[in-house]
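One letter stands for each residue in the lines below.
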Amino acid sequence: MISITEWQKIGVGTIGFGIFFIVFGILLYFDSVLLAFGNLLFLTGLSFIIGLRKTFSFFFRRHKLKGTSFFLGGVVIVLLRWPLLGMFLETYGFFSLFRSFFPVVFGVLGSASNIPFLSALFRRLQGTSSVV
């Protein structure tokens with residue numbers, strides 16, 4: 001079993017709040033204050049979970065500098081109250097930074113149909129037809 005420290009638990013909560021504020025900021029037509037607060041919470045939570053040294057080494061690897069510059073540049077542009085442009089830059093930087101993690105995530109999501117409760121739910125939803 002993996003042991004989780006208190007700092008990592010705080011980091012998970014901080015990332016959760018960060019994602020909440022980012023989504024809420026997008027829903028409120030790219031409110032720059034909510035987006036900036038969400039970005040700061042997300043980056044803070046990431047550093048709580050994996051540590052400051054590992055966070056810096058992740059973002060500033062040679063092959064990830066392009067994604068880092070777009071992501072952090074987008075954060076700065078959101079902080080300067082240009083939310084739409086900043087979010088586009090952040091999104092490109094996010095996909096560039098985390099593209100090696102996407103096959104793992106899709107593999108885990110693909111194996112979700114092997115979980116007994118979810119497989120029964122998927123079979124039941126597959127049989128229903130929608131009028132819409």
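Here the structure is a predicted model, which is why all the values come from computation and not from measurement.

**What about the overall build of the chain?**
Then, in step 1: Helix and strand content of the chain: seven helices and zero strands.
Then, in step 2: Each helix and strand of the chain, ordered N terminal to C terminal, gives the series α-α-α-α-α-α-α.
Then, in step 3: Over its C-alpha atoms, taken along the principal directions, the chain stretches across nearly 50 × 45 × 30 Å.
Then, in step 4: Here the chain, with 132 residues, has 30% of them falling under the buried criterion.

**Focus: the environment of Thr 55**
Then, in step 1: Structurally, Thr 55 can be placed in helix H3 (residues 52–59).
Then, in step 2: A residue is classified by how much of its surface remains accessible, and Thr 55, at 9% relative accessible area, is buried.
Then, in step 3: A C-alpha to C-alpha distance of 9.0 Å links Thr 55 and Leu 43, two positions twelve residues apart in sequence.
Then, in step 4: In contact with Thr 55, other than residues within four places in its own chain, are Leu 46, Ser 47 and Ile 50.

**As for the confidence of the model for the chain**
Then, in step 1: The predicted model of the chain has a mean per-residue pLDDT of 89, with 95% of residues at 70 or higher.
Then, in step 2: Mean pLDDT across the elements of the chain ranges from a minimum in helix H7 (residues 116–127), with 75, to a maximum in helix H1 (residues 6–27), with 96.

**Digging into the packing of helix H2 (residues 32–50) against H3**
Then, in step 1: Between H2 and H3, whose axes approach to 6 Å, the crossing angle comes to 115 degrees. Along its contact with H2, which presents Leu 43, Leu 46, Ser 47 and Ile 50, the element H3 presents Leu 52, Lys 54, Thr 55 and Phe 59.

**Details of the packing of aromatic side chains**
Then, in step 1: Scanning the model with the defined rule gives 15 aromatic pairs in all.
Then, in step 2: Ring centres of Phe 56 and Phe 60 lie 6.2 Å apart, and the angle between their planes is 20 degrees; on these two criteria the pair is classed as stacked.
Then, in step 3: The exposure class assigned to Phe 60 is partly exposed, which follows from its relative accessible area of 46%.
Then, in step 4: Note on Phe 98 and Phe 101: the rings are 5.8 Å apart at their centroids and 35 degrees apart in plane angle, and the pair reads as tilted.
Then, in step 5: Classification of Phe 98 by relative accessible area gives buried; the value is 12%.
Then, in step 6: Joined through ring pairs, the aromatic side chains of Phe 58, Phe 59, Phe 71, Phe 94, Phe 95, Phe 98, Phe 101 and Phe 102 make up one cluster.

Thresholds applied
- Note on numbering: residues in each chain are counted from 1, in written sequence order.
- With the structure being a predicted model, the display of local features is reserved for residues of pLDDT at least 70 and the display and counting of side-chain atom pairs for 80 or more, all residues being used for whole-chain, interface and lining totals.
- Only hydrogens and water are removed before side-chain values are computed, so all heavy atoms of the structure are retained for them.
- Strands here are runs of E lasting at least two residues and helices are runs of H or I lasting at least four, both read from the DSSP assignment and numbered beginning at the N terminus.
- For every residue, the accessible area (1.4 Å probe, protein chains only) is compared with the maximum for its type, and the residue is labelled buried under 20%, exposed over 50%, or partly exposed between those bounds.
- In this analysis, two residues are considered to be in contact whenever any of their non-hydrogen atoms come within 4.5 Å of each other.
- How sure the predictor is of each residue is captured by pLDDT, a score from 0 to 100.
- All axes are obtained by fitting lines to C-alpha atoms, using only the stretch in contact for helices, and the reported angles, taken between N-to-C directions, cover 0 to 180 degrees.
- Any pair of Phe, Tyr and Trp rings, taking the six-membered ring for Trp, is counted once the centres come within 6.5 Å. Such a pair is stacked with planes under 30 degrees apart, edge-to-face with planes over 60 apart, and tilted for the rest.

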